[in-house]
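Fold and contact review
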Amino acid sequence: MRRASQTTEAYPVRAGHSAMASARHRRGGRGWCIRAGVAVFAIVLVGIVGVLALHLDRHSSSPSSPSSPSSPAAEPDTNPAVLAAQAGLTGPAVDEIPSSATEQVLFHLHSHLQIYVNGAPKLIPYGIGIVAPYQLTRSQHGPWVTGAKAFYWLHTHDETGLIHIESPKRRGFTLGNFFDLWGQPLTPDQVGPAHGTVTAFLNGQRFTGYPRSIPLYPHAVIQLNVGTPTVPPQPYTFAPNLS
């Protein structure tokens with residue numbers, strides 16, 4: 001009886017020890033999960049802080065610095081070398097040429113325009129046919145419009161005189177359409193604010209028709225001379241990747 005009593009008393013002790021060990025194991029498991037969760041949260045928090053810091057640093061940099069190549073709220077072209085500033089387009093169609101939030105490149109062609117006033121070359125502003133505000137980046141030829149509120153099917157990205165014809169459908173465009181989007185007059189005796197006899201060339205040949213009717217088509221090289229002297233037709237070479 002004494003042995004049986006000892007056995008009976010010993011069992012609950014062992015059982016209680018096992019239960020406490022299990023409890024400690026469970027508590028230890030939950031503690032490990034909590035510690036792991038805290039560690040993951042800390043890592044994520046550090047990553048978020050780092051991203052925010054990088055974002056703020058980019059936006060606080062100068063638009064012209066290499067680390068911040070674009071300016072999301074750039075103003076229209078105010079370069080004094082351009083013939084005239086672009087019109088403040090807001091989006092409604094001009095000459096039945098609509099605008100859209102993205103460029104329509106089903107038909108993507110290019111023409112080039114050069115203007116001389118009394119023998120002096122004038123730049124064509126960037127942003128013709130583009131609704132501000134612009135996003136600008138720097139290129140080897142100066143400012144380049146990479147983004148904007150809206151794009152018309154005829155527009156300029158830079159000051160080189162390259163006219164981008166980007167349309168979702170095939171149709172004809174003229175230099176008059178381009179000047180209407182520019183918001184500038186084009187007549188036989190006026191080009192923008194410049195007055196004088198206008199001598200026009202198309203692909204090196206004298207164009208005797210009305211200047212507004214000059215067609216825009218792939219690799220058309222257009223030159224307008226206002227006043228005298230008349231600059232002979234100047235060549236222009238399109239980049240190999242431009243149609």
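To be clear, the structure that these remarks concern was listed above.
This text gives an overview of the structure that appears in the document. (Residues numbered from 1 in each chain as written. Predicted model: local features only at pLDDT ≥ 70, side-chain atom pairs only at ≥ 80, totals over all residues. Heavy atoms only, no water.)

1. A closer look at the overall build of the protein
Broken down by element type, the protein carries two helices and 16 strands. Within the protein, the proportion of its 243 residues that are buried is 36%. Long-range pairs, those at least 24 residues apart, make up 64% of the contacts in the protein between residues at least 6 apart in sequence. Looking at the protein as shown, the accessible area adds up to about 14,000 Å², and 61% of this sits on carbon and sulfur atoms. (Helix = DSSP H or I, 4+ residues; strand = E, 2+ residues; numbered from the N terminus. Buried < 20%, exposed > 50% of the residue type's maximum accessible area, 1.4 Å probe, protein only. Contact = heavy atoms within 4.5 Å. Areas by Shrake-Rupley, 256 points an atom, 1.4 Å probe, with all protein chains shown as cover.)

2. Re the pairing of strand β5 (residues 130–139)
As judged from the eight bridges shared by β5 and strand β6 (residues 142–152), these two strands associate in the antiparallel manner. Looking across to β6, one finds that tyrosine 134 is bridged to alanine 148. Connecting the antiparallel pair β5 and β6 is a turn made up of two residues. (Pairing = 2+ DSSP bridges.)

3. Looking at the sheet that holds strand β10 (residues 186–187)
Read from one edge to the other, the open sheet built from three strands follows the order β10-β11-β12, with strand pairing classed as antiparallel. Each of the sheet's edge strands pairs with one partner strand only, and the pair in question is β10 and β12 (194–195).

4. Remarks on the pattern of salt bridges
A full pass over the atoms with the stated rule returns one salt bridge. Between arginine 212 and aspartate 180 there is a salt bridge, with the nearest N and O atoms lying 2.9 Å from each other. Taken together, the residues arginine 212 in the loop between β14 (205–207) and β15 (215–216) and aspartate 180 in helix α2 (residues 175–182) connect sequence positions 32 residues apart. Taking relative accessible area as the criterion, arginine 212 reaches 26% and is therefore assigned partly exposed. (Salt bridge = Lys/Arg side-chain N within 4 Å of Asp/Glu carboxyl O.)

5. A short note on unusual backbone geometry
Cis geometry is adopted by the peptide bond preceding proline 133, which originates at alanine 132 and carries an omega value of 5°. Here proline 133 is to be found in strand β5. Of the consecutive residues threonine 228 and proline 229, the connecting peptide bond is found in the cis state with omega at 0°. With respect to the helices and strands, the residue proline 229 is situated in the segment after β16 (220–226). With a phi close to 65°, histidine 219 is a non-glycine residue in the positive phi region.

6. Quick notes on the packing of aromatic side chains
Using the criterion set out here, one finds five aromatic pairs in the structure. When the ring of phenylalanine 178 is compared with that of phenylalanine 179, the centres are 6.2 Å apart and the planes differ by 80°; the resulting orientation is edge-to-face. Considered together, phenylalanine 178 and phenylalanine 179 belong to a single accessibility category, that of buried residues. Aromatic side chains phenylalanine 179 and tryptophan 182 sit 5.0 Å apart centroid to centroid with 45° between the ring planes, which places their arrangement in the tilted category. Highlighted residues: phenylalanine 179 and tryptophan 182, both in helix α2, separated by three residues, approximately one helical turn. In this pair, the class of phenylalanine 179 matches that of tryptophan 182, namely buried. By the ring-pair criterion, three or more aromatic residues cluster together here, those being Phe178, Phe179 and Trp182. (Phe/Tyr/Trp six-rings, centres within 6.5 Å; stacked < 30°, edge-to-face > 60°.)

7. So, the environment of histidine 164
With respect to the secondary-structure elements, histidine 164 resides in strand β8 (residues 162–167). Distance in space between the C-alpha atoms of histidine 164 and tryptophan 153 is 7.8 Å, their sequence separation being eleven residues. Non-local contacts of histidine 164, meaning those with residues more than four positions away in its chain, are made with His108, Leu109, His110, Trp144, Trp153, Leu154, His155, Thr156 and His157. Separated by 3.2 Å, the side chains of histidine 164 and histidine 110 make a polar contact. (Polar contact = N/O pair within 3.5 Å; in protein donor to acceptor, adjacent residues only side chain to side chain.)

8. Examining the nonpolar core
Here is a general trend for soluble globular proteins: nonpolar side chains tend to be buried in one another's company. Ranked by internal contacts, the top residues of the largest apolar core, which has 36 residues, are Leu113, Ile115, Leu175, Phe178, Phe179 and Leu224. Here the element with the most residues in this core is α2; it accounts for five residues. Not counting chain neighbours up to four residues away, the residues in contact with leucine 113 comprise Ile124, Thr160, Gly161, Ile163, Leu175, Phe178, Phe179, Ile222 and Leu224. Counting seven residues, the second-largest nonpolar core is a separate cluster that includes Ala74, Tyr126, Leu136 and Phe151. (Core = buried A, V, L, I, M, F, W, Y, C linked by side-chain atoms within 4.5 Å.)

That's the geometry; what it means functionally is another story.
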